[in-house]
Every structure is written in structure tokens, then in C-alpha cells.
2 protein chains.
Amino acid sequence: MAEQDKPSKRVQPRIARRKDVAELAQVSPSTVSLVLNNTPGPRIPDATRQRIIDAANQLGYQPNAVARALVTGKTMTIGVVFHYIGNPFYDTASSWLNGAWSVFHPHEYRILLGEGDEEKPLAGLYRQRGVDGMLMLVPPTSPEDQDKELQFMIEADFPCCAIGARLKADIGDYVDTDNFGAAKMMTEKLIQAGHKRIMHITGPHLFNSSAMDRLNGYKQALKENGIEIDESLIRYGNYTGTMGEDLLNEAMDEGVKFTAIFAANASTAHFAIKLLRKRGLDVPKDVSITAIDRPYQNEPLDYELVTYQQDTYGIGKKAGELLLERIMSDEVLPSRNCYVEGTFIDGNTIHPV
Amino acid sequence: MAEQDKPSKRVQPRIARRKDVAELAQVSPSTVSLVLNNTPGPRIPDATRQRIIDAANQLGYQPNAVARALVTGKTMTIGVVFHYIGNPFYDTASSWLNGAWSVFHPHEYRILLGEGDEEKPLAGLYRQRGVDGMLMLVPPTSPEDQDKELQFMIEADFPCCAIGARLKADIGDYVDTDNFGAAKMMTEKLIQAGHKRIMHITGPHLFNSSAMDRLNGYKQALKENGIEIDESLIRYGNYTGTMGEDLLNEAMDEGVKFTAIFAANASTAHFAIKLLRKRGLDVPKDVSITAIDRPYQNEPLDYELVTYQQDTYGIGKKAGELLLERIMSDEVLPSRNCYVEGTFIDGNTIHPV
DNA sequence: ATATCTTGGTAACATGGGTTATCAACGCTA
DNA sequence: TAGCGTTGATAACCCATGTTACCAAGATAT
């Protein structure tokens, strides 16, 4: 039987290894490590140091990150897990990422985009030792699955930070907007303008803590102002504009009376306004609207929503800081909750009753 | 001198290694590899196989990705290098990413976000052996630096794909919109409506091939229609809306006459329209506008731009496919250029002269 | 009984670099 | 000259895996 040749591989010019540098500089590989890593302790005279540094430069040597990760146990990589309905990466992700990036980049940490897989959403990155910490934006699975998946990470006190939704499991930190407070404030703005029949189109409150918090903030505002909660005014949505539109349509067809809407998020508000107009109503004359976040940040639309704009960049940054601290720390830090303040935008979508 | 204790580390429950599985299954570590990787050749009876699989499940074993990468030389990671003025990740990045993701995810490739560092933009990821291939969105440095930085990768035929701008260096593939064709088409739309004095606000044409191609497309359209190129109508911008606004302002202050604008990108168009309105002009009655791309994809604004919408998801997907093919292939593939078709949007920003 | 084949599996090496115990050579002192 | 400290560096081990050459034991053929 003829021995089979290996398939011919791309011919790659050998990338310099420690050994190559060592040979060129006439020292042992260990010495190269000692010098290039500036390891304290061993005394290497400047002449030798320089010889090694020159050799390294000449060869364009950079230590193999994989080998280094194997021996140090640190990959210098942060896993970022995004999840959104049907879309691993969604629009606003970029400002979160930029915030986190601003923290990690100076420390030479890289960002690895997460699994996005329904079956093994998180554990993979951790159990395969691929990352040193994890930033989670929106829990990837239902609460039950989470617990199972997160079990490994919890037991290991694996450095984690959740953004935009609290994890059910008590693991790592949580950074977000004060959704409860923001929702309460946005509802109060309507109440202060004299509104009493305020509809709330919610987010997926069963699976997402921010949606739940906003719903509770809405209820609290009503309570504190002596307005009875009318369940027919609460429409359970999922943060998508189309769903919000359908719910509103339905409510109006049912003949539910209201003079204002507090929408759980920007997209819901945007589509609600579109629908109201389509049905011949004026915003805000006929219906006032507040929300959380604003469609198309920083850009003028033909209305200016009264809203509470989350500081997504700030949230990403803060989350990065907490996570980095957690990674650096030798001790197990307690879980921390952290709210990043947003901005109230006083638009033109409220009209006094 | 008292011997110093190592700082106490987080106590982590030991993550199962191959060795642990081997012990539990009463076999050698090698056998574990053979079974779990389904290595062809060695004959392991089903009973033993099952014992190993059970042990692995029981321990939640997943092979250490780092060790595996070291020995195989494949990290199963794609580097994605984004660069934009001041912003490592910009808004539309998400659709590119989603396109690329749709290709890589099924093959178990992960995405590592690139350097974003002016000094060592690309070489790091490659030379440190961190990634198996690279997707580059917008060249990170000036053309000169690129050549120097890319030298290593070129010599190695390192799998690369550029998106949104050709690299000067001949390395890997290039996927983009047909910028020349699109620009020509958008200029022709204006010409067909009778316009002859058409201003073009460009992108950074000295550093970015897409901006250059669009400029050339604009010129070509004029030429083919017998319209002389008037340099005072070409304003050299950089794709940012604010810059475009300034340039337009300047041109108008200079008293340059024009009846239409072909804007190099969406942001430029958007800000141009805002400025024109601010200066009391109507779009399109006084000034017609076309562009490439549309501000705020998929959402209605109070105008509908006549534009050529790039298929960013498609570009990301195509780039992913070419890159993957390149990574999988043992041979050195020739450089390929590939245009992904976009969509013409027939808006309302053209008015016949 | 001996040679040969098959089955089932393992030992050993390689990957590239961090870390530490150790060591040779040299100069100085008693 | 022996003993000792210092300087300058290195050999050896470790990380967790993939891979291949090899081997022991039993079965079969001669």
C-alpha cells in the first residue's frame, strides 16, 4: 500500500518563535522570555537584553498568544454575548461595545463575540477556557435554561457582568439603566399633564427584568398618584415595534379609552405613533406619548419624543470596569448592581389634558 | 527573609480535563481524544466508546480550546477589524457582522474583534497566531502603513478579506458594493431629470477606495453625458455628515451655483438636506439629491432619498464565504473581487429641472 | 508448537512559551 | 588554596491537547 502524502499545505514563511529569537541572540529560549516579559528577579545585563530585543525586532517576533494563554491560564479575551430576537448583533450593540472597548482595549483585552447558539449559549465559552470573563447582553435563554447553563460558571465564581437584564442566577454584576425609576418618571410626566387613562405597552416582562421593572415603575407611578390600575390598559408586548403596533390596534378596536401611552421602548413608541396617525389621531393632541429611549438616537425625526434616553455607551463602559475589576481581583467579589444615569429628553409628545 | 505566599487565587472547582475523563472511564488520555474526536483509524469497541462518552458527559467535559488550538494550529477564530473615525464599531457594523456570522457560526468559528490600535492594527492578530483569518472593514491606517503592516500577512498568504474598501496591497479577497457603478447610476438619475450643475460631496477619496470609486463614477456619468467636470462642484469630504454640512455651507457662501447634489453617503446626504432646509431651500424643488445608502435603514423619514442601498448583510455574508473557502483551502487562491448587488430606492428627492 | 494477524489500546512526542531551581564561572576573602 | 558570594544564565518542568508509532494479548493459521 502506497503511503499517502499529507495534503500539501499553504507554504507559510515560518513565523518567528521564541527559539528563533534565542538562536539569533545567542541565548537560551528561557532568557528570551525573561527579557521580553521583563520578569523581575533574574539579572540579565543590558548588553544581553539589547541583543535579545534587537533580535526580536529583526524577526518581528511576537509571542504566540495561544501558547501563552495555555500556560498562564489567561486568554486576555472577554466574551461578549449578544442576543436579540433573530439577530445576534443588533443596532445599539455598537455603543455598548464601544463603551466596553474603551475599558478593555487599553488593558490589551480582546473581545470575542459569543455563542449565539440556543443549545450551548454560555457554557461553551467558559468551559472551553476561551475567555477570562463574560459580558452578557440580554439573557440568551429562558430563565430555566439559564440556571442549568450558568451552573458551572456560578460554582467557579466566573467573572461575569449582565447588561440590560438581571440574570435570575446570582452571578457577577449587573449594570443597567434604573428601569423602574425611568418608567416611573415617564409615567409621572403624563400624570403631571393631567392624564389618568395611560396605556402601557410592555416589553417581554416574563423573561426580561428590564421589561418587568418598567412595568412596575408604571404601576408605582399610578399608585402614588391615586390612579387605579386598569388591566385593560396594560398590553403585554415584547419590545418589537410591530408587536406593539398590533397590540395598540387591538386595544383601539376593542374600544379601550385612553389619552396617553407610556411605551416600554423606542421602537414600540415609534410604531405606536405611526399607527395613531394612520388611524387619524394626532400626537400629542389626541394622544400623548412617553417612552424609554428614542428612535434613531441623535437624529431629528418629525416628532421629538418625551423620553428617558439610556446611556448605552456609559453602561458598556461601567460594565467593562466592573468586569475588569472582577477579573483582576484575587478575591471573590460580592454581586453588585449598578445603575447608569440616562438623560431626560423633554420633547413635544405630551399635551395637557 | 520570610518566603512570601502567592496571593490567594479564586477557588475554582476544577474544570474537567482529558485526564479526568480518562481516569473515570478507566482508559488512557489518548483514547479519550480518539473517541471524542472520532478519529478515523484506531478501532475502539463500542463498549469502551460509550464508557468514555458517559464519563465526559458526567464531568461536563469540553476540550480546552486553547490547548487544542496550540497543537492544531487552528484557533477557530476569525478576526474582524473595524475602523471608523473615532469609533471602533459603528452603527452599520451590526448588519455586516450578522452576515458574516451567518457563515461562520455553523462552522464553529468564533469572531474576535480586532485591534483598533493605530500602532499595531493588524499584524498583532496574525503574528500572535490569534486568528485563522481576517475580515477587514475599512483599512485601519494610511496606505503606506498598510503595506508595512500587511507585509507579514502577504508573505504568508494569510486568509483575508477586505470589505468596503480595497486594500492597496494585493492580499486576499475584496467584497463590496460596485461603488463606481452605483455612483454613476445615482449621478445619471440626476442628469436624466435634466440637471447639469451637480455637486458631489465626496468621501475620504485619498484613503478609501470606495470614496474614490464613487468620485470616479460621478465623473464618468458626467463625461458620458457631455457635461464638463467643474472642480468647484466637487467638495472633498470624509463621509461624516458634519464635514459634509460644512463643505456645502462653504460652497453656498462662495456662491457656487448648482441644482442637484450627489452625496457620497447617507450621513452626508442627511446633513445636506438639513442644511438646505435651514437655509430656506426646498428639497427637491430647489435642490435635488441622490446618494448612496439611506439614513436609518428601513425606517421612514420625512423625505425618502433617491439612493442606492448597499446590501450590507449580503456583503458580510459573501465576505464570510470567500474567507471561509480560503481558510479551508490548501492551495493559495488568487485574489478575488466581488460585488454584491444593492437596491435602488426611488425616493422623492429628485425634481426635474 | 510456532508464526502471523487482529484487536484494543497506549506511550511518547509535539505545540510554544512561563517559571523556577540550579549551576558554572568568576572574583574576592581568609 | 580553600571557601564563599555574586553574576549571568540555563535546563527542566508545566500547561492540555492531537497524533502516530508501537505493543501486548489473544486468535488464527501452519
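These numbers come from a predicted model, not from an experiment.

What counts and how
- Residues numbered from 1 in each chain as written.
- Chains lettered and ligands numbered in written order.
- Predicted model: local features only at pLDDT ≥ 70, side-chain atom pairs only at ≥ 80, totals over all residues.
- Heavy atoms only, no water.
- Helix = DSSP H or I, 4+ residues; strand = E, 2+ residues; numbered from the N terminus.
- Buried < 20%, exposed > 50% of the residue type's maximum accessible area, 1.4 Å probe, protein only.
- Contact = heavy atoms within 4.5 Å.
- Domains from an automatic or database assignment.
- Salt bridge = Lys/Arg side-chain N within 4 Å of Asp/Glu carboxyl O.
- Near = heavy atom within 4 Å.
- Polar contact = N/O pair within 3.5 Å; in protein donor to acceptor, adjacent residues only side chain to side chain.
- Pairing = 2+ DSSP bridges.
- Right-handed = clockwise from strand over helix to strand, strands pointing away.
- Phe/Tyr/Trp six-rings, centres within 6.5 Å; stacked < 30°, edge-to-face > 60°.
- Lys NZ or Arg CZ within 6 Å of the ring centre and 35° of its normal.
- Axes fitted to C-alpha atoms, helices over the stretch in contact; angles between N-to-C directions.
- Parallel < 35°, antiparallel > 145°, perpendicular 65-115°, else oblique.
- Nonpolar A, V, L, I, M, F, W, Y, C, P; charged D, E, K, R; others polar.
- Expected span 1.5 Å × (residues − 1).

When helices and strands are counted, chain A shows 12 helices and 12 strands. Looking at the 353 residues of chain A, the share that counts as buried comes to 54%. If you take every contact in chain A between residues at least 6 apart in sequence, the share linking residues at least 24 apart comes to 72%.

So, on to the domain arrangement of chain A. Each domain of chain A was delimited in the assignment, giving domain 1 (16-49), domain 2 (77-176 + 312-341) and domain 3 (179-309). Look at where the C-alpha atoms of domain 1 of chain A and domain 3 of chain A centre, and you get two points 65 Å apart.

With that out of the way, let us pick up the pattern of salt bridges. For the structure shown, the criterion picks out 28 salt bridges over all chains. Its salt-bridge partner being B:R279, residue B:D253 comes within 3.1 Å of it at the nearest N-O pair. Within this pair, whereas B:D253 is found in helix α10 (residues 241-253), its partner B:R279 is found in the loop between α11 (266-278) and β9 (288-292), the two being separated by 26 residues in sequence. For B:R279, a relative accessible area of 35% corresponds to the partly exposed category. A single salt-bridge network, built from bridges that share partners, covers A:D173, A:E325, A:R326 and A:R336.

Time to look at the protein's contact with DNA strand C. Residues in contact with DNA strand C amount to 24 residues; listed here are only the nearest, A:R18, A:S33, A:R68, B:T31 and B:P45. Of what DNA strand C places within 4 Å of the protein, 52% of the atoms are sugar or phosphate. A:Y61 is positioned with one of its side-chain polar atoms (N or O) 3.0 Å from a phosphate oxygen of DNA strand C. Here B:S30 contributes a side-chain N or O atom positioned 3.0 Å from a base nitrogen of DNA strand C. Breaking the surface near DNA strand C down by element, the ones donating at least two residues are α2 (29-36) and α4 (65-72) of chain A together with α2 (29-36) and α4 (65-72) of chain B.

Let's shift gears to the side chain of B:T349. All names here are of chain B. Examined against the element boundaries, T349 turns out to sit in the segment after β12 (343-345). Among the polar contacts made by the side chain of T349, one reaches the main-chain carbonyl oxygen of I289 at a distance of 2.6 Å. Looking at T349, its side chain comes within polar contact range of the main-chain nitrogen of V306, at 2.9 Å. In this view, T349 contacts V283, P284, S288, I289, Y303, E304, L305 and V306; residues no more than four positions away in its chain are not counted.

With that settled, consider the environment of B:I261. Residue and element names in this part refer to chain B. The residue I261 is located in strand β8 (residues 260-263) in this model. Look at I261 and you get buried, because its relative accessible area is 0%. As for I261 and H200, which are separated by 61 residues in sequence, their C-alpha atoms are 5.7 Å apart. Apart from residues lying up to four places away in sequence, I261 is in contact with L190, I198, M199, I201, L248, L276, V287, S288, I289 and T290.

Residues and elements named next belong to chain A. Both faces of strand β8 (residues 260-263) are covered, namely the face carrying A260 and F262 and the face carrying I261 and A263. Relative to β8, strand β6 (residues 198-201) runs parallel, the two sharing four bridges. Counterpart to M199 in the pairing with β8 is I261. Looking at chain direction, β8 and strand β9 (residues 288-292) are connected through four bridges and run parallel. Bridge pairing links F262 to T290 in β9. In this view, the connection linking β8 to its parallel neighbour β9 by way of helix α11 (residues 266-278) has right-handed handedness.

What follows concerns the environment of A:G194. In this structure, A:G194 sits in the loop between α8 (179-192) and β6. Placed 159 residues apart in sequence, A:G194 and A:V353 show a C-alpha to C-alpha distance of 5.3 Å.

To continue, consider the packing of aromatic side chains. Under the definition given, this model contains two aromatic pairs over all chains. Lying across the ring of A:F271, A:K274 places its NZ or CZ 4.3 Å from the centre. B:K189 extends its terminal NZ or CZ atom over the ring of B:F344, reaching a point 4.3 Å from the ring centre.

So, on to the sheet that holds strand β6 (residues 198-201) of chain B. All names here are of chain B. Strand order across the open sheet formed by six strands is β7-β6-β8-β9-β10-β12, with mixed pairing between neighbours. The open sheet has two edge strands with one neighbour each: β7 (234-235) and β12. Across two bridges, the pairing between β6 and β7 is parallel. Of the residues in β7, the one forming a bridge with I201 is R235. In the packing of α10 onto the sheet, the strands contacted are β6, β7 and β8, and the crossing angle to β6 comes to about 145 degrees. Most of the contacts of α11 go to β9, to which it runs at about 160 degrees, and overall it touches β6, β8 and β9.

This part is about the sheet that holds β8(A). Residues and elements named next belong to chain A. Pairing is mixed across the open sheet formed by six strands, whose spatial order is β7-β6-β8-β9-β10-β12. Since the sheet does not close on itself, it has two edges, and those belong to β7 (234-235) and β12 (343-345), each with one partner. Along the sheet, α11 makes contact with β6, β8 and β9, crossing β9 at roughly 160 degrees.

We now examine the packing of helix α1 (residues 18-25) of chain A against α2(A). All names here are of chain A. Packing of α1 against α2 brings their axes to within 8 Å, and their N-to-C directions diverge by 100 degrees. Classed by the angle they form, the pair α1 and α2 counts as roughly perpendicular. The residues of α2 that touch α1, namely those facing R18, V21 and A22, are P29, S30, V32 and S33. Partitioning the contact of α1 with α2 into residue classes produces four nonpolar, two polar and one charged.

Here we take up the protein's contact with DNA strand D. Close to DNA strand D lie 24 residues, the nearest being A:T31, A:P45, B:R18, B:S33 and B:N64. Each atom of DNA strand D within 4 Å of the protein was classed as base or backbone; sugar and phosphate made up 58%. Contact distances for DNA strand D include 2.4 Å between a phosphate oxygen and a side-chain N or O atom of A:T31. The side chain of B:N37 places a nitrogen or oxygen atom 3.0 Å from a phosphate oxygen of DNA strand D. Listed by contribution, the elements that provide at least two residues to the surface near DNA strand D are α2 and α4 of chain A together with α2 and α4 of chain B. Broken down by element, the surface near DNA strand D gets its largest block of residues, four residues, from α4(B). Looking at side-chain class alone, the surface near DNA strand D contains 11 nonpolar, nine polar and four charged residues.

Residues and elements named next belong to chain B. Between its first and last C-alpha atoms helix α9 (residues 209-224) spans 22 Å; for 16 residues at 1.5 Å apiece the expected length is 22 Å, and the two agree. Residues of α9 that are buried include every one of S209, S210, A211, D213, R214, L215, G217, Y218, A221 and L222, and no others. In the core, the buried residues of α9 are packed alongside β5 (173-176), α8 (179-192), β6, β7, β8 and β9. Immediately downstream of α9, the backbone of G226 shows phi near 65 degrees, a positive value.

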